[in-house]
Amino acid sequence: MGNFLETIYDVLFKPRAAMEYIAEKKLTGQALVMFTIGMLVPVWAIYTGMRGSPGVAALGSMFALQFIGSLFFWILGASVLNFIAELAGGRGTATGLFAALGFSHLPRVVVIPLGVIAALLPDGLSGVAFGIIGLIVAVWTLLLTVAAIRGAHGLSGSKAVLVLLAPLLALIGVTIAAVIFLGSALVQLPFHF
């Protein structure tokens, strides 16, 4: 490993070892390039499809907002997951996890070529193909994220999955508690609806 293309190759074919290496070497520059490519390829495809239409002018500002928002959530996600991983006994760094999570954006790059292939299929099959492609990319992204957490913090697969699910489980718990609190508060009101 070392250069960018070798790192991508390793993420494709040896994700766990690649994520360990990325986290250990803190390849944040390469991760930022991967993140940017993952953002640019879908936007470029949309731009190519919209060329000549009136909505093309708004595409630049939409890309800027998406890029800034995704970068913010990448940083926030790395921070939160690093904290949870450390609570789970992980022994990595936030910078290493940040770099490894940057390479979990790799599946975004293959969405467009697969989407073009799906669009060329007959009408009945193209919808099914788009659904399958979306599912494959989502699962692949989740697997790379789990590999990033495992590689960056040296956790087992089950602990890495729990680290990834912990924010969602906490959000569900807070939502349930809020609903119960609001429900009991409404019962105590002096008037009824």
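Refer to the structure presented above.
Here the residue numbers are simple positions, counted from 1 along each chain's written sequence. Residues qualify for local features only when their pLDDT is at least 70, as the model is predicted, and side-chain atom pairs are given and counted only at 80 or more; totals for whole chains, interfaces and linings, by contrast, use all residues. Only hydrogens and water are set aside; all other atoms, that is, all heavy atoms of the structure, feed into the side-chain values.

Student: Now, about the overall build of the chain: what can you tell me, with residues and values included?
Tutor: Secondary structure elements follow DSSP: runs of H or I no shorter than four residues count as helices, runs of E no shorter than two count as strands, and numbering proceeds from the N terminus. When its secondary structure is counted, the chain shows 8 helices and 0 strands. The secondary structure elements of the chain, listed N-terminal to C-terminal, are α-α-α-α-α-α-α-α. C-alpha atoms define the radius of gyration, and 2.2 Å times the number of residues to the power 0.38 defines the globule rule. Taking 16 Å as the expected radius of gyration for a compact globule of 193 residues, we find that the chain reaches 21 Å, considerably beyond that expectation. If one aligns the C-alpha atoms of the chain with their principal axes, the spans along those axes are about 60 × 50 × 35 Å. Three labels apply to residues, based on accessible area from a 1.4 Å probe with only protein chains included: buried if under 20% of the type maximum, exposed if over 50%, partly exposed otherwise in between. By residue count, 29% of the 193 residues in the chain fall in the buried class. Two residues qualify as a contact provided that any one of their heavy atoms is within 4.5 Å of a heavy atom in the partner residue. Taking contacts inside the chain between residues at least 6 apart in sequence as the whole, the part at least 24 apart equals 69%. Put simply, the chain shows about 11400 Å² of open surface, and 76% of that area lies on carbon and sulfur atoms. Accessible surface is estimated by sampling points in the Shrake-Rupley manner with a 1.4 Å probe; for residues, cover comes only from the protein chains shown.

Student: Report on the nonpolar core, specifying residues and quantitative values.
Tutor: In these notes, a set of buried Ala, Val, Leu, Ile, Met, Phe, Trp, Tyr and Cys residues joined through side-chain atoms within 4.5 Å is what counts as a nonpolar core. Val 11, Met 19, Ile 22, Leu 101, Phe 103, Ile 149 and Val 163 are the most contacted members of the largest nonpolar core, which totals 32 residues. When contributions to this core are tallied by element, the ones reaching two or more residues are α1 (4–13), α2 (15–25), α3 (28–50), α4 (56–87), α5 (94–102), α7 (123–153) and α8 (157–187). The greatest single-element share of this core, amounting to 6 residues, is contributed by α7. What Ile 149 contacts, discounting residues up to four positions off in sequence, is Leu 81, Leu 97, Gly 154, Leu 155, Ala 160, Val 163 and Leu 164.

Student: Help me get a handle on unusual backbone geometry, residues and values and all.
Tutor: You will see that Lys 26, though not glycine, has its phi angle at about 50 degrees, which is positive. By the element assignment, Lys 26 lies in the loop between α2 and α3. Assessed through its relative accessible area of 37%, Lys 26 is described here as partly exposed.

Student: Can you break down a nonpolar patch on the surface residue by residue, with the values?
Tutor: Like charges within 9 Å and nonpolar side chains (Val, Leu, Ile, Met, Phe, Trp, Tyr) within 5 Å are joined into patches, using only residues over 30% in relative accessible area that form no salt bridge. Take a side-chain nitrogen of Lys or Arg and a carboxyl oxygen of Asp or Glu: if they are within 4 Å of each other, that pair is a salt bridge. On the surface, a nonpolar cluster with roughly 720 Å² of combined accessible area is contributed by Val 161, Leu 165, Leu 168, Leu 169, Leu 171, Ile 172, Ile 176 and Ile 180. Take Ile 176: its relative accessible area is 46%, and that puts it in the partly exposed class.

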